[in-house]
Amino acid sequence: MVHHKPIVIGVAGGSGSGKTSVSQAILSHFPNHSIMMLEHDSYYKDQSDLPFEERLKTNYDHPFAFDTDLLIDHLNKLLRYESVSKPVYDYVAHTRSCDIEIQEPKEVIILEGILILADKRLRDLMDIKVFVDTDDDIRIIRRIKRDIEERGRTLDSVIDQYLRIVKPMYHQFIEPTKRYADVVVPEGGKNHVAIDLINTKISTILGNFP
Ligand SMILES: Nc1ncnc2c1ncn2[C@@H]1O[C@H](COP(=O)(O)OP(=O)(O)O)[C@@H](O)[C@H]1O
Ligand SMILES: Nc1ccn([C@@H]2O[C@H](COP(=O)(O)O)[C@@H](O)[C@H]2O)c(=O)n1
């Protein structure tokens, strides 16, 4: 029988910083535990009422782009060990897909996203706050590769979006949230020492569960 509320680990950082890699490294360290990912990106606002051309104009790096109220509602349900219907985001169509995913509650929740530390309500629900800190040049190189291979973008569109929106928003909204982090992880998923420290802390909390 479960007595304790689930543990929430927040993993923030700029686009391409390695948040997903760090989160995967934590997940794979606990293969026998009940552990899950919750991505802020799944909660980008639905834009299916807008024509595709209009969706291209959205600023996806601003807090207003997300339905954070819905994320908080789902997180609170998961913290009460209730399951939720997670939206599924489509980066190619720039809107929510028609699918939903049933997410069962777990003992450990990894909450991942560029702006999760920017919202005090989310910060207050986290047990461990992590900021993945990777230089701008490395992040743009990774993003160019990923967005062309996986998100249906062209080189010109990635460069244009980066210079007009992603970079200024990072410095205005994301980088300042580093001050809220308990752990700052330089260079993403390959920082084994930092990942070990985080995993050890999670094990300690899990070990203290009744
Ligand atoms: N330490 C690393 N070295 C090299 N490539 C990496 C590293 N960490 C992540 N990547 C690659 O960079 C891209 C973005 O990483 P990801 O973890 O998805 O970042 P984020 O979730 O912060 O956007 C991915 O294609 C990933 O394979
Ligand atoms: N329709 C969209 C929605 C989001 N983005 C970009 O995704 C980035 C966040 O995702 P990461 O996996 O890189 O953390 C964010 O910087 C948005 O610009 C997009 O391009 N299109």
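Residues numbered from 1 in each chain as written. Chains lettered and ligands numbered in written order. Predicted model: local features only at pLDDT ≥ 70, side-chain atom pairs only at ≥ 80, totals over all residues.

Caption draft 1: Up close: the overall build of the chain. Helix and strand content of the chain: seven helices and seven strands. When the helices and strands of the chain are placed in sequence order, the string is β-α-β-α-α-β-β-β-α-β-α-α-β-α. Scaling as 2.2 N^0.38, a compact globule of 210 residues should have a C-alpha radius of gyration of about 17 Å, and the chain matches this with 17 Å. Seen along its three principal axes, the alpha-carbon backbone of the chain occupies a region of about 55 × 35 × 30 Å. (Helix = DSSP H or I, 4+ residues; strand = E, 2+ residues; numbered from the N terminus. Rg over C-alpha atoms; globule rule 2.2 N^0.38 Å.)

Caption draft 2: How the structure looks around the sheet that holds strand S5 (residues 108–112). Sheet architecture is open: five strands sit in the order S2-S5-S1-S6-S7, paired in parallel fashion. Of all the strands in the sheet, the pair left with one neighbour each is strand S2 (35–39) and strand S7 (183–186). Direction aside, the axes of adjacent strands within the sheet are offset by 20° on average. Where strand S1 (residues 7–13) lies against strand S6 (residues 128–133), five bridges are found, and the strand directions are parallel. Its bridge partner being in S6, Gly-10 is matched across the sheet by Lys-129. Across the sheet, helix H7 (residues 192–207) touches S1, S5, S6 and S7, and the angle it forms with S7 is around 145°. (Pairing = 2+ DSSP bridges. Axes fitted to C-alpha atoms, helices over the stretch in contact; angles between N-to-C directions. Contact = placed C-beta atoms within 7 Å.)

Caption draft 3: Broad picture of the environment of Ile-26. One can find Ile-26 in helix H1 (residues 19–29). As a C-alpha pair, Ile-26 and Asn-199 span 173 residues in sequence and 6.4 Å in three-dimensional space.

Caption draft 4: Structural view of the pairing of S1. Of all the seven residues making up S1, seven are buried; the element is thus mostly covered by neighbouring parts of the structure. Burial of S1 is two-sided: the residues Ile-7, Ile-9, Val-11 and Gly-13 facing one way and the residues Val-8, Gly-10 and Ala-12 facing the other way are all buried. The pairing of S1 with S5 spans five bridges and is classified as parallel. Across the sheet, residue Val-8 finds its bridge partner in S5, namely Ile-109. (Buried ≥ 20, exposed ≤ 12 C-beta atoms within 10 Å, placed from the backbone.)

Caption draft 5: Representation of the site of ligand 1 within the structure. Close to ligand 1 lie 14 residues; Gly-18, Lys-19, Thr-20, Ser-21 and Arg-142 are nearest. Elements that contribute at least two residues to the shell around ligand 1 include exactly H1 and helix H5 (136–150). It is H1 that contributes the most residues to the shell around ligand 1, three residues altogether. A per-class count over the shell around ligand 1 returns no nonpolar, nine polar and five charged. (Near = placed C-beta within 6 Å. Nonpolar A, V, L, I, M, F, W, Y, C, P; charged D, E, K, R; others polar.)

Caption draft 6: Structural context of the nonpolar core. Ile-9, Val-22, Ile-110, Leu-111 and Val-130 are the most contacted members of the largest nonpolar core, which totals 40 residues. Among the secondary structure elements, those contributing two or more residues to this core are S1, H1, S2, helix H3 (68–79), S5, S6, helix H6 (155–174) and H7. Not counting residues within four places of it along the chain, the set of residues in contact with Val-130 comprises Ile-9, Gly-10, Val-11, Ala-12, Val-22, Ala-181, Val-183, Val-185 and Ile-198. (Core = buried A, V, L, I, M, F, W, Y, C linked by C-beta atoms within 7 Å.)

Caption draft 7: Region of interest: the UniProt feature "domain: Phosphoribulokinase/uridine kinase" (unreviewed entry) in the chain. Mapped onto this numbering, the UniProt entry gives "domain: Phosphoribulokinase/uridine kinase" (unreviewed entry) at residues 8–193. As a span, residues 8–193 carries 37% helix and 23% strand, and end to end its C-alpha atoms are 20 Å apart. (UniProt positions renumbered as here; feature names shortened; annotations may be inferred.)

Caption draft 8: Seen up close, the site of ligand 2. With respect to spatial proximity, the complete set of residues near ligand 2 consists of Ser-15, Gly-16, Lys-19, Asp-41, Tyr-44, Tyr-60, Asp-61, Tyr-91, His-94, Ile-114 and Val-166. Its residues assigned to classes, the shell around ligand 2 comprises five nonpolar, three polar and three charged.

Caption draft 9: Main features of the packing of H1 against H7. For the pair H1 and H7, the least separation of the axes is 10 Å and the interaxial angle reads 50°. One finds that H1 runs oblique with respect to H7. Regarding H1 and H7, the two cross each other, and that crossing is right-handed. Residue-level inspection shows Val-22, Ala-25, Ile-26 and His-29 of H1 in contact with H7, the latter providing Ile-195, Ile-198 and Asn-199. Taken together, the residues of the contact of H1 with H7 sort by class into five nonpolar, two polar and no charged. (Parallel < 35°, antiparallel > 145°, perpendicular 65-115°, else oblique. Left-handed = near helix turned anticlockwise from the far one by under 90°.)

Caption draft 10: Looking closely at the packing of H5 against H6. Direction vectors running N to C along H5 and H6 enclose 135°, while the axes themselves pass 10 Å from each other. Looking at the two axes, H5 sits oblique to H6. Seen from above, H5 lies across H6 with right-handed handedness. When H5 is examined against H6, the residues Asp-136, Ile-140, Arg-143, Ile-144, Asp-147 and Ile-148 are found in contact with a partner set consisting of Leu-155, Val-158, Tyr-162 and Lys-167.

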